[in-house]
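Take a look at the letters that make up each chain.
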Amino acid sequence: MFMDFLDWTQLFNMEINLRIWRQKDADNQGGFVDYYLRNVAEEMSFLEMLDFLNRTLIENGDEPVAFEHDCREGICGSCSMYINGRPNGPVDNVTTCELRMTSFRNGDSIVIEPWRAKSFPVIKDLVVDRSAFDKIIQAGGFISVNAGTAPGANSISISKRISEEAFDAAECIGCGACVAACKNSSAMLFVSAKVSHLALLPQGQSEARNRARSMVEKMEELGFGSCSNTGACEIECPRGISLTHIARLNREFLKDSLKS
Amino acid sequence: MSKLQSKIPEGILADKWQNHKDSVKLVNPVSRSSLDIIVVGTGLSGASAASTLAELGYNVKAFCFHDSPRRAHSVAAQGGINAAKNYKNDGDSVYRLFIDIIKGGDYRAREANVYRAAEISNQSIDHLVAAGVPFTREYSGYPDNISFGGVQVSRTFYAQGQTGQQCLLGAYSGLNRQIAQGRVIMYNRRDMLELVVVDGQARGIITRNLVNGEIERHSAHAVVLATGGYGTIYYLSTLAVGSNATAVWAAHRKGALFSNPGFMQIHPTSIPQLNEYQGKLILMSESLRNDGRIWVPRTKGDKRHPDEIKEEERDYYLERRYPAFGNLVPRDVASRAAKERCDAGYGAGDSGQSVYLDFSKAIEKQGRKVIEKKYRNLFEMYEKITGVNPFNEPMRIYPAGHYTMGGLWVDYNLMTTIPGLFAIGESNFSDHGANRLGAGSLMQCAGDGYFILPVTIGDYLAGEIKTPRLHTDTREFEKAEKAAREKLLRLVAVNGRQTVTSFHKRLGRIMWDMCGMVRNEENLKKAMKMIKELKEMFWRDVRVPGTVNELNQELEKAVKVADFFDLGFLMCQDALDRKESCGAHFREESQTSDGEAQRIDSDFSYVACWEYRGDGEKHDLNKEELRFENVKMQKRSYK
Ligand SMILES: Cc1cc2nc3c(=O)[nH]c(=O)nc-3n(C[C@H](O)[C@H](O)[C@H](O)COP(=O)(O)OP(=O)(O)OC[C@H]3O[C@@H](n4cnc5c(N)ncnc54)[C@H](O)[C@@H]3O)c2cc1C
Ligand code: SF4
Ligand code: FES
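Residues numbered from 1 in each chain as written. Chains lettered and ligands numbered in written order. Predicted model: local features only at pLDDT ≥ 70, side-chain atom pairs only at ≥ 80, totals over all residues. Heavy atoms only, no water.

Asks: What is the right way to read the overall build of chain B from this model?
Replies: Counting its regular elements, chain B contains 17 helices and 21 strands. Relative to the globule expectation of 26 Å for 639 residues, the C-alpha radius of gyration of chain B, 24 Å, shows essentially globular dimensions. Viewed in the frame of its principal axes, chain B has a C-alpha envelope of about 75 × 60 × 50 Å. Counting all 639 residues of chain B, 68% fall into the buried class. Considering only contacts in chain B between residues 6 or more positions apart, those separated by 24 or more positions represent 73%. Total accessible area on chain B stands at roughly 21,600 Å², and carbon and sulfur atoms take up 48% of it. (Helix = DSSP H or I, 4+ residues; strand = E, 2+ residues; numbered from the N terminus. Rg over C-alpha atoms; globule rule 2.2 N^0.38 Å. Buried < 20%, exposed > 50% of the residue type's maximum accessible area, 1.4 Å probe, protein only. Contact = heavy atoms within 4.5 Å. Areas by Shrake-Rupley, 256 points an atom, 1.4 Å probe, with all protein chains shown as cover.)

Right, here's the structure in full:
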């Protein structure tokens, strides 16, 4: 499992030009800095390439680039980079940690920026503050059930089709790529995924209308833009959350406004 | 030893939890609102605990180092969560689940805790479903269950390949509901650095705000640690890279005994390391072993493409060695067998450090469609990373560090040896003995958080209702804050030449080679010496750029690695002291003539509980003897 068994030198053959957004903190203005990186291996993941850059920077007495990551397998939603003008780079529907250097060629220039959205202020370099997403969930992205009150897990039957649809919506990893992709910085795909997940399940239906309204209101209050149905979010969403959830959210919303 | 009172309730096994619930002290609803509880960690265990304690009316302050509780490592669990529902009518019961966990853990866990975990599993599933977790369902519309991890019944609930994500998000949404109501104050991006103990009781914590570096004091009537596992000590592991031991180690330094640190689960089916810069290994779910067959070439050093290696030239070594269980032997057995073949020179691939996991027979028998339905996600993930499609060519896999059975010692109430300090989820030692069964951790995390801790913590807090809210401007807080601050400043001040990661990699290598799947006295002693030297070099020559007053990811890493040296040392000490093989802990000196683990019940049927004596000092060993009154200790055999 360790490196000694392979002749790695053969593999480290790429040279790339990086242009990376550096920003000391929220109060300071940032700017792009260029780095030339040699001996990059095609086998590296994109984040491993950045680890490699950081090692070089530290060894040269410079400050490494701050970026978020944790699971490195596309499930925690931590990683978040705007690469060559697209959230998570040139490949559709992946997270940055799933992106690999095989998607780039020797000599390529790569521009890396943080998510750009008013509601996601930059904290440092490529790290942004996405706590607005938690606040949206706090506005209603839950089922109000206390531990101890639940009926048996098989007390309700939910058709396989419906439960699969709910699962597809529930797969959202809260990464914010949809916001970064949207020209209005709308969080509609994110909000609709949660609304849809819970509205589809019988357990979540009694609170469904209220939920949709409060979550959308919270989204607007937090400065996210509104949805103009361009669909850029769906193309970039690493979990393939579908636009049909936005349609469902709109229906829940309509039902709620008709009622009131 | 008086320190270790496990507080197991009276009565027959099946009644203990009920008896206990009937007899613990209660806190009345009015008093609860004047009691503060700190919960550190908001993975499945911490989020479920924090929200449930808030539902009960306590004031909860919750902490995590992530930018949101939704990112805790629980999110990555793939396979499933166990419960003894017996929905499949295949003879399952609480008792059978209990037996499976005890036996799987090689008789090194406490009977009463394990039985309770099995019992509560059913309630947890009910709650998770009600909270909106979209478990995979059958065509009937009722939850589906699969057999997982080689047990003979189908008791594993799952949400496609993302069970952990869905369970965590269920707990996260409940937590958010309480945050919205102001019952939980959530502190994201905080690292707990110190525990504050006042007059022998846990009274607070010191945290570092990871955004601006501020050191903060927080007080409470009780502190709960739910900080997860630390398999990242191997550097490369299946855990999220931020996973660490800093909080539990801080508690340990303040007097909480640390149990069985040497019990580390190495998972057999991870994607092997692909390059030198790899920062993380990716797990391929255990469920693949239900249909995949594991083999290596019969000839040493055979580097041919797997397609060219004919059936009779392949060694299906698990089927050969363990005809009864074959590819479904438990994790520890499968991992060791893979290592044995690779070390003997039969490994697959250029590196020789991998074995094949082959689906061709299953595809032939069940059809491509069926296999696709079962494993599509996993096959796609594998292809994304390696470029190989498992439909055309066998996967290559290798064992990787995965789960820490060891952790803080807790009694039946989940309280550590420091009164008022509790530990739940993967951070405690309690339920899995020397080896954890698949889908058993999520089960434990949900049970601890939703149903056990909320009851048992009341028993302690009932004695605290007269204690007023604690001030943080006391000597103890000051001292703890100073210690935290000084450590950070010291790390930055070294200003040496070597990166934190380079130290972590070297430590990981020592641990993996000498305190991994196979251990022996000579290597363990050598490892302890090497760790000491590496630690010294770290404090002499590490380079942590930047300052302590800003977002500084290298500093965060340095804090974790600094603790890993001491924990790594203790892991080796524990492994050295336990001169038997049991579960994941395999001592070469203690094996049968055919190379299987040799447990020595007469000498080692205890929980090793290590007591901190100061930096660089030798730990003291305390023992909690294990008594098995309801199961007969048998030799674990999968032949
Ligand atoms: C790849 C993988 C797959 C798995 N699959 C399964 C499975 O199918 N079934 C199963 O049952 N188990 C599985 N497991 C095991 C299981 O996922 C974990 O054991 C479990 O989720 C741990 O949950 P936890 O609540 O204890 O901790 P975690 O979910 O790890 O949460 C830890 C929390 O503590 C916080 N924290 C840590 N240190 C500090 C600190 N110093 N200061 C502040 N906060 C801190 C973190 O921010 C986080 O919120 C798997 C594990 C892995 C690695
Ligand atoms: S909807 Fe997709 S892009 Fe948006 S946060 Fe969820 S997973 Fe990320
Ligand atoms: S690091 Fe977790 S999704 Fe990328």
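Once the structure has been displayed, the description carries forward.
Asks: How should I be thinking about the interface of chain A and chain B in this particular structure?
Replies: Interfaces are often described in size by the accessible area the parts lose on coming together. Contacts between the two partners involve 78 residues from chain A, matched on the other side by 83 residues from chain B. At the boundary of chain A with chain B, total buried surface from both sides reaches about 7,000 Å², with 56% on carbon and sulfur atoms. In this structure, the connection of chain A to chain B is made through six salt bridges. We note a salt bridge from Arg130 of chain A to Asp67 of chain B, for which the minimum N-O separation is 3.8 Å. Along the contact surface separating chain A from chain B lie 34 residue pairs in polar contact (both at pLDDT 80 or more). Listing elements by their share of the side of chain A that touches chain B, those giving two or more residues are helix H1 (46–59), strand S6 (122–124), strand S7 (127–128), helix H2 (131–138), helix H3 (160–170) and helix H5 (188–200) of chain A. (Buried area = accessible area lost by both parts, 1.4 Å probe. Salt bridge = Lys/Arg side-chain N within 4 Å of Asp/Glu carboxyl O. Polar contact = N/O pair within 3.5 Å; in protein donor to acceptor, adjacent residues only side chain to side chain.)

Asks: What exactly am I supposed to notice about the site of ligand 2 here?
Replies: Residues and elements named next belong to chain A. Near ligand 2 you find 13 residues, and of these Cys172, Cys175, Gly176, Cys178 and Cys237 are the closest. Mapped by element, the contributors of at least two residues to the shell around ligand 2 are helix H4 (177–181) and H5. Partitioning the shell around ligand 2 into residue classes produces 11 nonpolar, two polar and no charged. (Near = heavy atom within 4 Å. Nonpolar A, V, L, I, M, F, W, Y, C, P; charged D, E, K, R; others polar.)

Asks: Would you mind showing me how to read the site of ligand 1 here?
Replies: Residues and elements named next belong to chain B. Taken together, 37 residues form the shell around ligand 1, and within it Ser45, Ser74, Glu426, Ser441 and Leu442 come nearest. At 2.5 Å from an oxygen atom of ligand 1 is found a side-chain nitrogen or oxygen belonging to Ser74. Measuring from an oxygen atom of ligand 1, one finds a backbone N or O atom of Gly440 at 3.4 Å. Burial of ligand 1 by the protein amounts to 98% of the accessible area it has alone, namely 1,000 Å².

Asks: How should I be thinking about the domain arrangement of chain B in this particular structure?
Replies: Residue and element names in this part refer to chain B. Each domain of chain B was delimited in the assignment, giving domain 1 (268–401) and domain 2 (475–625). For domain 1 and domain 2, the distance between their C-alpha centroids amounts to 31 Å. Across the contact, 11 residues belong to domain 1 and 11 residues belong to domain 2. Taking both sides of the interface into account, the surface hidden between domain 1 and domain 2 amounts to around 810 Å²; carbon and sulfur atoms contribute 59%. On the domain 1 side of the interface with domain 2, the three residues burying the most area are Asp332, Arg336 and Lys339, jointly 53% of the side's total. Inspection of the domain 1/domain 2 interface yields one salt bridge. (Domains from an automatic or database assignment.)

Asks: Just to check I follow, could you spell out the pairing of strand S5 (residues 109–113) of chain A for this structure?
Replies: Remember that side chains alternate between the two faces of the sheet whenever the strand is regular. Residues and elements named next belong to chain A. When strand S1 (residues 12–22) meets S5, the two strands line up parallel, connected through four bridges. From the neighbouring strand, Asn17 faces S5, where its bridge partner is Ser109. Inspection of the sheet shows strand S3 (residues 82–83) paired to S5 by two bridges, in the antiparallel sense. Note on S5: the bridge partner recorded for Tyr82 is Glu113. (Pairing = 2+ DSSP bridges.)

Asks: What is the right way to look at helix H6 (residues 163–180) of chain B in this model?
Replies: Residues separated by three or four positions in an α-helix point in the same direction, a consequence of the helix having 3.6 residues per turn. All names here are of chain B. Taking 1.5 Å of rise per residue, the 18 residues of H6 would be expected to cover 26 Å, and the 26 Å separating its terminal C-alpha atoms lies within 8% of that figure. The element H6 is largely enclosed, with a buried count of 17 among its 18 residues. Directly beyond the C-terminal end of H6, a positive phi value near 75° is found at Gly182. (Expected span 1.5 Å × (residues − 1).)

Asks: Could you clarify how one ought to interpret the side chain of Arg341 of chain B in this entry?
Replies: Along the polypeptide, Arg341 of chain B turns up in helix H9 (residues 331–343). Apart from residues no more than four positions distant in its own chain, Arg341 of chain B is found in contact with Val296, Asp315, Tyr317, Arg320, Tyr346 and Gly347 of chain B.

Asks: Which parts of the structure should I look at to understand the sheet that holds strand S2 (residues 59–63) of chain B?
Replies: Strands belonging to one sheet form pairs held by backbone hydrogen bonds; the direction of such a pair is parallel or antiparallel. Residues and elements named next belong to chain B. Sheet architecture is open: five strands sit in the order S5-S2-S1-S9-S17, paired in parallel fashion. Sheet topology places strand S5 (184–187) and strand S17 (421–423) at the edges, where each strand pairs with a single neighbour. The mean angle between the axes of side-by-side strands here comes to 20°, regardless of whether they run parallel or antiparallel. Sheet topology places strand S9 (residues 222–225) next to S17; three bridges connect them, and they run parallel. Pairing of Val224 across the sheet is with Phe422, part of S17. (Axes fitted to C-alpha atoms, helices over the stretch in contact; angles between N-to-C directions.)

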